[in-house]
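# Chain and residue survey
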Amino acid sequence: MKKFVSLILLVLTLGSLSKAQQTDPEKLQASVDSETFVFEARQANAMRGRMIQLDPGYTLSVSPSKILGDLPFFGRSYQATPGSSDGGLKFEWVEFDFLIKPRKKGGWDITIESTGHSDVRSLFLTIQKNGSASLRVISNSKETISYNGFIKE
């Protein structure tokens, strides 16, 4: 009986936490339309199956003039990146292509590709209409990594 009560409390707690991170759909729509939003990563998933919960603060900031990434990296690196001591994915793009496609059941698929010289080549962001999001990062020198998180208001 104690296990059953504990399980119900756990489900209720997780349900309330997921609702706390939902954003206003109108604000989210305006942010996506203006191409100005911040993705905060809360979980990293390496290609080899390693999954890590992340502390707040790892973000991808998107604006029409600049893409700014500060994300951790866990996985295989094929070559050393000069000047990088922490092994993360830190980048700033001012030259990029940005494409938004609406999803059939709500939300958006966003593709961002660097047109300048950058180690990080492509970003694929899927945003749900409740504000949750996933990001896949393709790099020239590191294996692909994905992140789960949400769009900050």
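Computed from a predicted model, the values in this text were never measured in an experiment.

### Some words on the overall build of the protein
- Counting its secondary structure elements, the protein contains 2 helices and 10 strands.
- Every one of the 153 residues in the protein was classed for burial, and the buried ones make up 35%.
- The long-range share in the protein, meaning contacts at least 24 apart out of those at least 6 apart in sequence, stands at 47%.
- For the protein, the computed accessible surface area is about 9,500 Å², with 54% contributed by carbon and sulfur atoms.

### Focus: the pattern of salt bridges
- Scanning all chains against the criterion turns up 6 salt bridges.
- Put simply, Asp70 and Lys90 hold a salt bridge, and the shortest N to O gap is 2.6 Å. A residue pair is termed long-range when its members are at least 10 positions apart, and Asp70 in strand β4 (residues 67-71) and Lys90 in strand β5 (residues 89-93) qualify at 20 residues.
- You can call Asp70 partly exposed: its relative accessible area is 29%.
- Residue classification places Lys90 among the exposed residues on the basis of a relative accessible area of 52%.
- For the salt bridge of Asp109 with Arg103, the shortest nitrogen-to-oxygen distance reads 2.9 Å.
- In this structure Asp109 comes out as partly exposed when scored by relative accessible area, which is 28%.
- We classify Arg103 as partly exposed; its relative accessible area is 33%.
- Taken together, the shared-partner salt bridges connect Glu40, Arg42 and Lys152 into one network.

### Some thoughts on the side chain of Ser122
- With respect to the secondary-structure elements, Ser122 resides in strand β8 (residues 120-127).
- Those residues in contact with Ser122 that lie beyond four places of it in its chain are Trp93, Ile112, Glu113, Arg136, Val137 and Ile138.

### What about the confidence of the model for the protein?
- Scored by pLDDT, the protein comes out at a mean of 83, with 80% of its residues at no less than 70.
- In the predicted structure, residues 12-20 sits below a pLDDT of 50 and forms 0 contacts with residues beyond four places in sequence or in another chain.

### Thoughts on the environment of Pro56
- Within the element layout of this structure, Pro56 appears in the loop between β2 (51-53) and β3 (59-62).
- Here the alpha-carbon distance between Pro56 and Gly149, two residues 93 residues apart in the chain, equals 9.9 Å.
- Setting aside anything within four residues of it in sequence, one finds Pro56 in contact with Glu40 and Arg42.

### Here we look at the packing of aromatic side chains
- Summed over the entire model, instances satisfying the criterion amount to 1 aromatic pair.
- Their ring planes at 35 degrees and their centres at 5.2 Å tell us that Phe91 and Trp93 sit as a pair that is tilted. A single burial state applies to Phe91 and to Trp93, both of which are buried.

### A look at unusual backbone geometry
- A positive phi is found at Glu35, a non-glycine position, where the angle reads about 55 degrees.
- Taking the relative accessible area as the measure of exposure, Glu35 reaches 26% and is therefore partly exposed.

### Some details on the pairing of β5
- With burial as the criterion, only one face of β5 is covered, namely that bearing Leu89, Phe91 and Trp93; the residues Lys90 and Glu92 on the opposite face remain uncovered.
- Across 5 bridges, the pairing between β4 and β5 is antiparallel. Bridge pairing in β5 places Ile67 opposite Trp93.

### Quick word on the pairing of β4
- Side chains Ile67, Gly69 and Leu71 of β4 all project onto a buried face; the interleaved residues Leu68 and Asp70 project onto a face where none is buried.
- Relative to β4, β3 is paired through 4 bridges, and the arrangement is antiparallel. Bridge assignment links Val62 to a residue of β4, and that residue is Ile67.
- Counted along the chain from β3 to the antiparallel partner β4, the turn is 4 residues long.

Definitions and cut-offs
Residues numbered from 1 in each chain as written. Predicted model: local features only at pLDDT ≥ 70, side-chain atom pairs only at ≥ 80, totals over all residues. Heavy atoms only, no water. Helix = DSSP H or I, 4+ residues; strand = E, 2+ residues; numbered from the N terminus. Buried < 20%, exposed > 50% of the residue type's maximum accessible area, 1.4 Å probe, protein only. Contact = heavy atoms within 4.5 Å. Areas by Shrake-Rupley, 256 points an atom, 1.4 Å probe, with all protein chains shown as cover. Salt bridge = Lys/Arg side-chain N within 4 Å of Asp/Glu carboxyl O. pLDDT = per-residue confidence, 0-100. Phe/Tyr/Trp six-rings, centres within 6.5 Å; stacked < 30°, edge-to-face > 60°. Pairing = 2+ DSSP bridges.

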